[in-house]
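These are the residues of each chain, in order.
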Amino acid sequence: MRETLVLNASFEPLSTVSLRRAVVLVMQDKAVVENAHPGLLIRAASVDVPVPRVIRLSRYVRVPFRRRAPWSRRGVLVRDQHRCAYCGRRATTVDHVVPRAQGGADTWLNTVASCAEDNHRKADRTPEQAGMRLLRRPFEPTPADALLSALGVSVREELPEWLAALPA
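No experiment lies behind these values; they were computed from the predicted model shown.

On to the overall build of the protein. Regarding its fold elements, the protein presents six helices and six strands. Out of the 168 residues in the protein, the part that is buried amounts to 37%.

Structure, rendered in structure tokens:
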């Protein structure tokens, strides 16, 4: 499903939403389309809406300062680019480095993306106990990095030109 970047009224990035949610916000006049996919339209009985890449909220929303990106299974998969931390193949699950059975928690530093085979092979052991090696160490992304990862951008220099062209 396509992700749409949501900007605050001040052009500050807030989050990403599904295409359906973005269109609903535009149709309810809660947001305006700042950038759209060229040539793509969503047609309804009485209106044509461009397929949005970026929308901006019509009213400013006060957001409390976030020091940390909230942990989620989806966030771990996006952070690790859907690649298994043990073999490098496509990851479909999240594995706890220190298993929950041994007191491991759902945190950025204790979870990695994993393929189902390696997750099953490791079971409720640490990688050392299972004789497995992590290809890369887990890290905690900043809230901004988590947002860029959700958009499919791995490095800030890779921002698409349509996003880099937005006012700062």
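A few words on the nonpolar core. Core analysis: the largest hydrophobic core is formed by ten residues, namely Val6, Leu14, Val17, Ala22, Leu25, Val26, Ala31, Val49, Ile55 and Leu57. Of all elements in the fold, only β2 (13-18), α1 (19-27) and β4 (48-57) reach the threshold of two or more residues within this core. With nine residues, the next largest nonpolar core counts Cys84, Val112, Met132 and Leu134 among its residues.

Here we take up the pattern of salt bridges. Applying the stated criterion across every chain, the model contains seven salt bridges. Between Glu117 and Arg89 there is a salt bridge; the shortest N-O distance is 3.1 Å. In this pair, Glu117 sits in helix α3 (residues 116-122) while Arg89 sits in the loop between α2 (73-79) and β5 (93-96), placing the two residues 28 residues apart along the sequence. A relative accessible area of 52% means that Glu117 is categorised as exposed. The closest approach of N and O atoms between Lys122 and Asp95, which form a salt bridge, is 3.3 Å. Of this pair, Lys122 sits in helix α3 while Asp95 is found in strand β5, placing the two residues 27 residues apart along the sequence.

Moving on: unusual backbone geometry. Unlike most non-glycine residues, Phe11 shows phi in positive territory, near 70 degrees. The residue Phe11 is located in the loop between β1 (3-7) and β2 in this model. Classification of Phe11 as partly exposed rests on a relative accessible area of 25%.

Further remarks concern the pairing of β1. Of all five residues in β1, four are buried; the element is thus mostly enclosed. Looking at chain direction, β1 and β2 are connected through five bridges and run antiparallel. Considered in β2, the bridge of Thr4 is made with Val17. The turn linking β1 back onto β2 is made up of five residues, and Phe11 within it adopts a positive phi angle of 70 degrees. As defined by bridge partners, β1 adjoins β4 across three bridges and the pair is classed as parallel. Bridge pairing in β4 places Val6 opposite Ile55.

Conventions adopted
Residues numbered from 1 in each chain as written. Predicted model: local features only at pLDDT ≥ 70, side-chain atom pairs only at ≥ 80, totals over all residues. Heavy atoms only, no water. Helix = DSSP H or I, 4+ residues; strand = E, 2+ residues; numbered from the N terminus. Buried < 20%, exposed > 50% of the residue type's maximum accessible area, 1.4 Å probe, protein only. Core = buried A, V, L, I, M, F, W, Y, C linked by side-chain atoms within 4.5 Å. Salt bridge = Lys/Arg side-chain N within 4 Å of Asp/Glu carboxyl O. Pairing = 2+ DSSP bridges.

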